[in-house]
Every structure is written in structure tokens, then in C-alpha cells.
Amino acid sequence: MSGPALQRPLAGRREARHDKSHLAAHELLWVALQVLRTRRLRAALSALGIAIGIGAMVAVVGVSASSQATLLAQIDKLGTNLLTVTPGTTFLGANEVLPNTAVPAIDHISAVQEAAAVYQIPSVTIRRTAYVPSAQTGGIGVDAAGTRLLAAVGGTLADGQFVNAASDRYPTVVLGAHAASTLQIHSVTGHIEVFLGDTWFNVIGIMRPVVLDPTLDNTIFIGLPVAERVFQLQPNPSEIYVRANINQVTQVSNLLAATADPQNANGVQVSRPSDVLQARAAAKGQFTTLLLGLGAVALLVGAIGIANVMVISVLERRSEIGLRRALGATRRHISSQFLAESAILAALGGIAGLALGAVATLSYSQAQNQPMVIPSYALVAAPVAGLLIGTLAGLYPAAKAARLSPTEALRAT
């Protein structure tokens with residue numbers, strides 16, 4: 001067999017072996033980083049799109065998690081054993097009426113720790129003076145309250161005292177947090193009065209916001225005896241707050257309707273305020289999903305930006321690609337390099353985005369005076385997402401670069 005004939009198989013085997021060659025991972029990383037270092041401004045601007053998208057998503061997740069953690073901590077602190085009893089409505093839409101024996105009857109349930117009621121006083125307004133038109137109430141409700149209301153709802157006072165056995169027979173009033181703000185009363189120091197109906201009442205207390213029932217914040221409270229005497233109030237509870245043994249909440253809940261009104265148990269509604277707050281936390285989670293979708297759109301825009309930059313880079317570096325191919329680099333070498341550049345660029349953007357999102361979450365948490373919470377999955381997902389997005393964004397530019405033949409690339413210079 002002649003020499004040229006022997007050389008052709010040998011050359012084919014050498015080319016096959018050469019095609020199977022590859023760059024080591026550390027070499028590929030070093031080459032990609034060197035290329036990015038030579039184009040720092042372009043690399044920074046390209047990574048910025050990914051950083052903004054991932055930063056927005058991390059911030060949304062962090063802010064939502066911080067808010068939910070605060071809300072759930074408040075629920076745990078105040079307890080999930082609060083139940084409320086309210087009158088329902090008839091088939092004709094009329095309001096049912098709870099009997100005045102409801103609170104004492106509920107108190108006799110062995111697993112009940114506290115029971116207190118509020119009694120709505122209709123057609124009575126509260127004003128700072130008699131000169132304020134009666135229609136300008138600021139939406140403040142007027143209720144009579146049992147002396148154990150604060151203990152039942154887990155409420156506290158910002159100033160003064162709540163109605164008690166010594167004050168509930170006299171014209172004294174306690175303001176809910178929002179009601180006090182509306183009336184511009186911030187302290188009970190001195191002799192502060194408000195005009196309730198046609199009678200002056202002395203302000204003896206201001207409540208802090210009640211987490212488990214925010215409706216109480218826009219209400220003022222007077223003693224039941226004085227309400228009966230001054231406003232001829234019938235002592236039928238409009239709402240009863242019940243604290244049950246934490247291990248027997250379900251059992252107590254099942255007994256409350258029949259205990260509150262044995263004659264008309266179907267006309268009694270029993271609910272658990274902590275369930276409403278937990279549903280609110282879940283609703284915030286749904287809102288978070290929407291915001292994450294917006295962040296994903298920003299991330300997509302960033303990925304398109306990286307793909308565009310890498311395509312331009314391929315066009316600008318045709319001479320480099322041609323020279324490397326002429327010196328023995330395979331198509332796999334070229335495509336691997338461009339993929340590595342794109343992936344590293346996006347991964348750096350992901351890390352920067354994680355930092356931006358963490359700073360945004362920290363700023364929000366400090367402003368709201370609540371703990372900073374960033375889910376652990378976000379710490380891992382941010383750079384990994386950047387890496388994956390960069391890899392996907394670099395597929396087309398890498399394939400385009402690998403398809404360039406050495407002669408075409410060198411001819412284009």
C-alpha cells in the first residue's frame with residue numbers, strides 16, 4: 001500500500017482523536033473570565049438585566065416571607081384559641097338576636113377560659129364637641145363592652161385603663177386605636193371629654209391596635225350599665241369573644257351555638273379570627289405569585305439581552321474564532337467557550353441580584369420594624385437560575401460560533 005494511502009487513515013484517526021479532545025473545566029473557566037475582563041462595561045450591562053430580574057424576585061419573596069412571618073408570629077403570640085359568636089340572619093334577611101343569657105351560659109362551659117361581649121349602640125354618634133355636626137362621625141362605632149373584653153381579645157392599652165367594675169356605671173369611655181387617631185386624642189392626661197349622643201363622657205383609656213379583630217380599632221367602648229341607663233340599650237350581645245382551652249378549641253366551637261341560644265342555634269354564627277388572618281397570609285402569598293411573574297418577565301428580558309450581546313460578540317470575534325480553529329480548536333471548544341461566557345455572565349448577574357434583593361428586603365424590614373426573612377431556597381435558586389438562564393441564552397450564539405469555518409472566519413477579517 002502506498003504512503004499517501006497509509007497517511008489518510010492515520011490522519012483520519014488523528015482528527016477523530018483531536019475531535020474528542022476537550023478543555024478542562026478550570027481552563028474553560030479561566031478563558032471565559034479573561035474574555036469578560038476585556039469587555040467589562042459590556043459584561044456589567046449584560047449582567048445588569050439578570051441582576052434586576054433576580055433582585056426583584058428575591059425582594060418579592062423576601063418581603064412577602066418577612067410580612068407573613070410577622071403576621072404568623074402575632075397569631076402565635078395572641079393565640080389561635082379565640083372564637084367569636086355573632087347573630088346570623090333569618091331567611092328574610094332580618095338580623096337574629098342573641099339572648100342576654102348568652103355570655104353567662106358560655107362561661108359555664110368548662111373549657112372556656114374567658115368570655116366577653118360587645119353590645120352595639122345604634123344611632124349614637126361620638127364627637128369632640130357638640131358643635132361638630134352629628135353626621136361627621138368619622139365612621140366610629142359606639143359599643144358597650146364587658147369588663148373582660150381586653151383579656152378575651154388579647155388587647156392592650158396604650159394609655160389609661162379599660163372600663164371596669166368601678167367605672168362602667170359612670171360616663172367614661174375607652175377609645176380604639178383608630179378612633180383615638182380620628183378624634184386626635186393621644187393621651188388621657190388631664191380632663192378629656194367627648195360628646196356621646198347628648199352626654200359628655202370622660203376619656204379614661206386608649207387601646208392599641210387589636211390584631212385578631214381590627215374592627216375594634218375604630219370603635220369606642222363604654223360600660224354596659226351606663227349604656228342601659230343613658231341610651232336604654234337592651235343587653236343583647238352583638239358579638240361575643242370566647243377564649244377556649246387551646247387543646248379543646250374544636251369541641252368548644254361545636255358547643256357555642258347551642259349554648260349561646262338554645263332556642264335558635266341555627267341563627268348563631270361561630271368563627272375563628274386566626275383562620276381569617278391565616279387566610280390573609282395565604283392571600284399575600286397569591287399576590288406574591290403575581291409579582292414573581294413580573295420578575296420573571298424582567299428575567300426573560302435580561303436573558304434576551306445576554307443572547308443579543310453574545311451574538312454580537314460572535315460577529316466581532318470572527319477573526320479570533322478563525323485563528324483558534326486554524327490552530328486546532330474544534331467546534332466543541334468554540335461552543336463550550338461561548339456557553340461558558342454566557343453562563344458565567346448570567347451567574348454573576350444572579351449573585352448580584354441576590355445581593356440587591358437582600359438589601360431591598362433588609363430596608364423594608366427595618367422600615368416596618370419586623371424581622372428580615374429570605375427563604376433558604378432563594379439563596380440557592382438565585383445563582384443557579386442565573387446559571388441556567390445564561391446557558392440557555394448562550395445556546396444559539398455558541399452554535400453560531402461553532403458553525404464558522406476557519407477559512408470563512410479569517411476571510412471576514
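Everything discussed here concerns the structure shown above.
Parameters and conventions
- Residue numbers restart at each chain and count upward from 1, following the sequence in its written direction.
- Reporting of local features is limited, given that this is a predicted model, to residues whose pLDDT is at least 70; pairs of side-chain atoms are given and counted only at 80 or more, and all residues count toward the totals for whole chains, interfaces and linings.
- In computing side-chain values, all of the structure's heavy atoms are included and hydrogens and water are not.
- Like-charged residues are merged into a patch within 9 Å and nonpolar side chains (Val, Leu, Ile, Met, Phe, Trp, Tyr) within 5 Å, provided each residue has over 30% relative accessible area and no salt bridge.
- Note on areas: Shrake-Rupley, 1.4 Å probe, and residue coverage restricted to the protein chains presented here.
- Only one rule defines a salt bridge in this text: a Lys or Arg side-chain nitrogen within 4 Å of an Asp or Glu carboxyl oxygen.
- Helical segments are the DSSP runs of H or I of at least four residues, strand segments are the runs of E of at least two, and each set is numbered from the N terminus.
- Think of a polar contact as two N or O atoms within 3.5 Å of one another; within protein, one of them needs to be a possible hydrogen donor and the other a possible acceptor, and neighboring residues in sequence only count if both atoms come from side chains.
- Every axis corresponds to a line fitted to the C-alpha atoms, with the helix fit spanning only the stretch in contact, and the corresponding angles, defined between N-to-C directions, vary from 0 to 180 degrees.
- The scheme is simple: roughly parallel for angles under 35 degrees, roughly antiparallel for over 145, roughly perpendicular for 65 to 115, oblique for anything else.
- Left-handed describes a crossing whose near helix is turned anticlockwise from the far helix through less than a right angle; right-handed describes the clockwise counterpart.
- Contacts are assigned to residue pairs that have any heavy atoms within 4.5 Å of one another.
- Here's how the labels work: a residue is buried when its accessible area is under 20% of the maximum for its type, exposed when over 50%, partly exposed in between, all with a 1.4 Å probe on protein chains only.
- We define the nonpolar core as a collection of buried residues of types Ala, Val, Leu, Ile, Met, Phe, Trp, Tyr and Cys that are connected through side-chain atoms lying within 4.5 Å of one another.
- For this analysis, a ring pair means two rings from Phe, Tyr or Trp (six-membered ring only for Trp) whose centres lie within 6.5 Å, classed as stacked if their planes differ by under 30 degrees, edge-to-face if by over 60, and tilted for the remaining angles.

## Things to note about a nonpolar patch on the surface
Where nonpolar side chains cluster on the molecular surface, the patch consists of Leu 41, Leu 45, Leu 48 and Ile 52 and spans about 420 Å² of accessible area. With respect to the element layout, Leu 48 can be found in helix 3 (residues 40-78).

## A short note on the environment of His 191
You can see His 191 is positioned in the loop between helix 6 (177-182) and strand 7 (193-196). Each C-alpha atom, one on His 191 and one on Ile 204, is 9.1 Å from the other, the two residues being 13 residues apart in sequence. Among the polar contacts made by the side chain of His 191, one reaches the side chain of Glu 193 at a distance of 3.2 Å.

## Some points on the packing of helix 10 (residues 318-326) against helix 11 (residues 331-368)
Each pair of packed helices can be summarised by the angle the axes make with each other and by the distance between the axes. At a minimum axis separation of 10 Å, helix 10 and helix 11 run at an interaxial angle of 140°. Here helix 11 runs oblique to helix 10, going by the angle between their axes. In the packing of helix 10 onto helix 11, the handedness of the crossing is right-handed. Two secondary-structure elements touch here, helix 10 through Glu 320, Ile 321, Arg 324 and Arg 325 and helix 11 through Arg 331, His 333, Ile 334, Gln 337 and Phe 338.

## A short note on the pattern of salt bridges
For the structure on display, the rule yields two salt bridges. Here Asp 107 ties to Arg 148 by a salt bridge, and the two come within 2.5 Å at their closest N and O atoms. Placement of Asp 107 in helix 4 (residues 102-107) and of Arg 148 in the loop between strand 4 (141-145) and helix 5 (149-153) is noted, with a sequence separation of 41 residues between them. Arg 148 sits in the partly exposed class, given a relative accessible area of 33%. One salt bridge in this structure joins Arg 148 and Glu 114, with 3.6 Å as the shortest N-O distance. Here Arg 148 is found in the loop between strand 4 and helix 5, whereas its partner Glu 114 is found in strand 2 (residues 112-120), with 34 residues between them in sequence. Within the structure, one salt-bridge network assembled from shared partners comprises Asp 107, Glu 114 and Arg 148.

## Thoughts on the nonpolar core
By size, the foremost hydrophobic cluster in this structure holds 47 residues, and its most contacted members are Ile 220 and Ile 222. A per-element tally of this core places helix 8 (residues 249-260) first, with five residues. Setting aside residues up to four positions removed in sequence, Ile 220 forms contacts with Ile 126, Ile 140, Gly 141, Val 142, Asp 143, Val 173, Val 174, Leu 175, Gly 176, Ala 179 and Leu 196. The next biggest cluster of nonpolar side chains, apart from the first, holds 23 residues, and it includes Ala 47, Leu 299, Val 314 and Leu 345.

## Here's the deal with the packing of aromatic side chains
One pass over the structure, following the stated rule, counts three aromatic pairs. With a centroid separation of 6.1 Å and 50° between ring planes, the pair formed by Phe 162 and Phe 221 is classed as tilted. Here Phe 162 is found in the loop between strand 5 (157-160) and strand 6 (172-175), whereas its partner Phe 221 is found in strand 9 (residues 219-223), with 59 residues between them in sequence. For Phe 221, a relative accessible area of 0% corresponds to the buried category.

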